[in-house]
Protein chains: 2
Amino acid sequence: MPAPAPSELAFIRFVSVENMMKLVHSIGVETVLKDLARYIEDDFRRWEKFDKTPRVASHSAEGVIELMPTSDGEDYGFKYVNGHPKNTKEGLQTVTAFGLLARVDTGYPELLTEMTLLTALRTAATSAMVASHLAPKGARVMAMIGNGAQSEFQALAMRAICGIDTLRLYDIDRAATEKAVGNLKGLGFDLVPCATPEEAIEGAQIITTCTADKQYATILTDNMVGAGQHINAIGGDCPGKTELHKDILTRSDVFVEYPPQTRIEGEIQQMPEDFSVTEMWQVITGAAPGRVNDRQITLFDGVGFAIEDFSALRYLRDRLKDHPFYQELDIIADPDDPRDLFGMLERSKQH
Amino acid sequence: MPAPAPSELAFIRFVSVENMMKLVHSIGVETVLKDLARYIEDDFRRWEKFDKTPRVASHSAEGVIELMPTSDGEDYGFKYVNGHPKNTKEGLQTVTAFGLLARVDTGYPELLTEMTLLTALRTAATSAMVASHLAPKGARVMAMIGNGAQSEFQALAMRAICGIDTLRLYDIDRAATEKAVGNLKGLGFDLVPCATPEEAIEGAQIITTCTADKQYATILTDNMVGAGQHINAIGGDCPGKTELHKDILTRSDVFVEYPPQTRIEGEIQQMPEDFSVTEMWQVITGAAPGRVNDRQITLFDGVGFAIEDFSALRYLRDRLKDHPFYQELDIIADPDDPRDLFGMLERSKQH
């Protein structure tokens, strides 16, 4: 009897870290960021179509492991992501992730991918897409507070999508700033390493805060923030972890992805339950105002939402058509007769 | 500059369908079932240590996609599983699954595996482990109602763990019974294909119901069930899907895995919220009685719980030491300096 070769249905596409890097270089990182921002904006525009649920978190003393599922009725996606701030000290990533896209009509998985890199890209694309709606017109200077793994992606996305050309960088660890400057030099930015957060925000139209400690921290205090600025606060992203003094929140118009999740994880976890926020998808559809004047402080309390990962998975699937950087994985048992799983197992014994 | 080879941390082990089949044959399917039953029983015994949550389901008109996470504080596991009853008509599996084990202390994934086969094995092992506590002593005859993909696994597990040697098989589709008989003949069972469910349950000490329609069905009516029998009802496993007439439930002592999930998905979804059930882990630890006399009807309302998948993942990890049927997958981005994700991406460009 011939070996029972798995049918095509038994395979899903898998994008490894190596293939993801090849794909990004093949397309160009700034093009990827711009494309991702467009996919994310498109999905925000059809926000009401999605199944939404706060992420499913498993907390431990050391960190958190989360599953972030969503579906638009045609495709189903989820991401596995951990957050372990102490990992860095052991030479490990704070955040690693992978994700999956499946068909709703059959439930069959289609695409499995590394998402550590893809998450860094989609997070930056989301920040920049939001800033394109909220930041003051003609913004060119960004303060980048926290110069870790996310910082260069933020810088490139803010340039590609919002026209930022000057970066004022600060990190509590000087070596992180040196790393970021080293990676970004030669890419055409004006780079200004700063000794304090106060120095970093001088003249900045956009302030990005992206620090990693799992604790209530005050990276920005009220007196540091001036009229007309846009704050892109993405480091406050789990319970017990914030970056901004609450007085800033009361002075700003706060924009969020999905309020039930942001109230648990974002900067606004410091505020009462009924603290007023605007959902970003409503700004994009025109249902709610974004920036209304040039004195207003806008604040994006970004925690990362499943729909952004879904957009990134959709984008990847579409790009794989022209950039086939994937392997095939035999992860679905697919006997000829679907009721004959045991027969498939038994027949495989003979080979 | 040398190519930045991914470090060992960048890899996780992946068990494909093909490797799972090799592993099962290398160990022997009945040994696997017995070992799995022991792992599952061990985890039921330490039930209180686990993070438990009802599965996270995404329902559609065609079926459901579910994520089933759990953790014992050291390891974290989850399973992706779909349930699409109409798939069979299109030549697809009703249920496909894959799963992952990760370390809680770092959040790093360790092991990714197909779980369509592994779920079939753990479901059968769970049924038999439960029956070893609840079925009448000396049971040798099982009625197997529903002869689909799960049936042969149930048969083998019930023999390996409970001593069943006679199977009375019934399916609404005669071809399914023929398939099961074809697969099981030569494996040492007394096989009795039956024309009706009534005929199938004659003289059976254990009745297994395992049918697949997503609808309220009545596979067993009250007059069919006699004193002293054990019912292993595993086909009622999602909202709107049951197999037993509710009168059977009122006459039986009902045992479940995790009540918050079973009340939504199991046979007892037909009963009031406060319908009395016994948690199986308490029977195993001795905290609650199991079978107390030989007239009692015991009923396992099995829907499948995340801890059983966790046990199966643990088992697989342990067996891979001696049976290295796996590939390595480059799914975790692991730069030398964890803050230098962008640098890793940039350096990969040159190769």
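Everything numeric in this text was worked out from a predicted model, so none of it was measured.

Participant: Please explain helix 5 (residues 174-184) of chain B as it appears in this structure.
Facilitator: Structural remark: α-helix, 3.6 residues per turn; residues separated by three or four positions point the same way. Along helix 5 of chain B, the residues classified as buried are Ala176, Thr177, Lys179, Ala180, Asn183 and Leu184 of chain B. Viewed end-on, helix 5 of chain B has its buried residues packed into an arc of 160°, placing them on one side of the element. Residues Arg174 and Glu178 of chain B are exposed on helix 5 of chain B and point more than 90 degrees away from its buried face. Those residues of helix 5 of chain B hidden inside the fold are in contact with helix 11 (341-348) of chain A together with helix 4 (151-162), strand 8 (166-170) and strand 9 (190-193) of chain B. The N-cap residue of helix 5 of chain B is aspartate 173 of chain B: its side-chain oxygen and the backbone nitrogen of alanine 175 of chain B are 2.9 Å apart. The first or second residue beyond helix 5 of chain B is glycine 186 of chain B, which carries a positive phi of 85°.

Participant: Quick question: what am I supposed to make of the packing of aromatic side chains here?
Facilitator: Note on aromatic pairs: each is described by the distance of the centres and the angle between the planes. Taken as a whole and judged by the stated rule, the model has 21 aromatic pairs over all chains. Here phenylalanine 44 of chain B and tryptophan 47 of chain B contribute two aromatic rings whose centre-to-centre distance is 4.8 Å and whose plane-to-plane angle is 55°, an arrangement assigned as tilted. A residue is classified by how much of its surface remains accessible, and phenylalanine 44 of chain B, at 0% relative accessible area, is buried. Pairwise contacts between aromatic rings join Tyr76, Phe78, Tyr80 and Phe98 of chain A together with Tyr76, Phe78, Tyr80 and Phe98 of chain B into one cluster. When the ring centre of phenylalanine 189 of chain A is taken as reference, the NZ or CZ atom of arginine 159 of chain A above it lies at 4.1 Å.

Participant: Honestly, the interface of chain A and chain B in this entry has me stumped. Any pointers?
Facilitator: A common measure of how large an interface is: the accessible area buried when the components associate. Listed per partner, the contact involves 77 residues of chain A and 77 residues of chain B. Carbon and sulfur atoms make up 69% of the surface buried where chain A meets chain B, a total of about 6,700 Å² over both sides. For chain A, the biggest contributors to the area lost against chain B are Arg339, Phe342 and Leu345 of chain A; these three give 12% of the whole. For aspartate 173 of chain A, the salt bridge identified is with arginine 339 of chain B, shortest N-O distance 2.6 Å. Counting across the interface, chain A meets chain B through 38 residue pairs in polar contact (both at pLDDT 80 or more). The leading source of residues in the side of chain A that touches chain B is helix 11 of chain A, at seven residues. For the side of chain A that touches chain B, the class distribution of residues is 40 nonpolar, 19 polar and 18 charged.

About the criteria used
Residues numbered from 1 in each chain as written. Chains lettered and ligands numbered in written order. Predicted model: local features only at pLDDT ≥ 70, side-chain atom pairs only at ≥ 80, totals over all residues. Heavy atoms only, no water. Buried < 20%, exposed > 50% of the residue type's maximum accessible area, 1.4 Å probe, protein only. Helix = DSSP H or I, 4+ residues; strand = E, 2+ residues; numbered from the N terminus. Arc of directions from axis to C-beta. Contact = heavy atoms within 4.5 Å. Polar contact = N/O pair within 3.5 Å; in protein donor to acceptor, adjacent residues only side chain to side chain. Phe/Tyr/Trp six-rings, centres within 6.5 Å; stacked < 30°, edge-to-face > 60°. Lys NZ or Arg CZ within 6 Å of the ring centre and 35° of its normal. Buried area = accessible area lost by both parts, 1.4 Å probe. Salt bridge = Lys/Arg side-chain N within 4 Å of Asp/Glu carboxyl O. Nonpolar A, V, L, I, M, F, W, Y, C, P; charged D, E, K, R; others polar.

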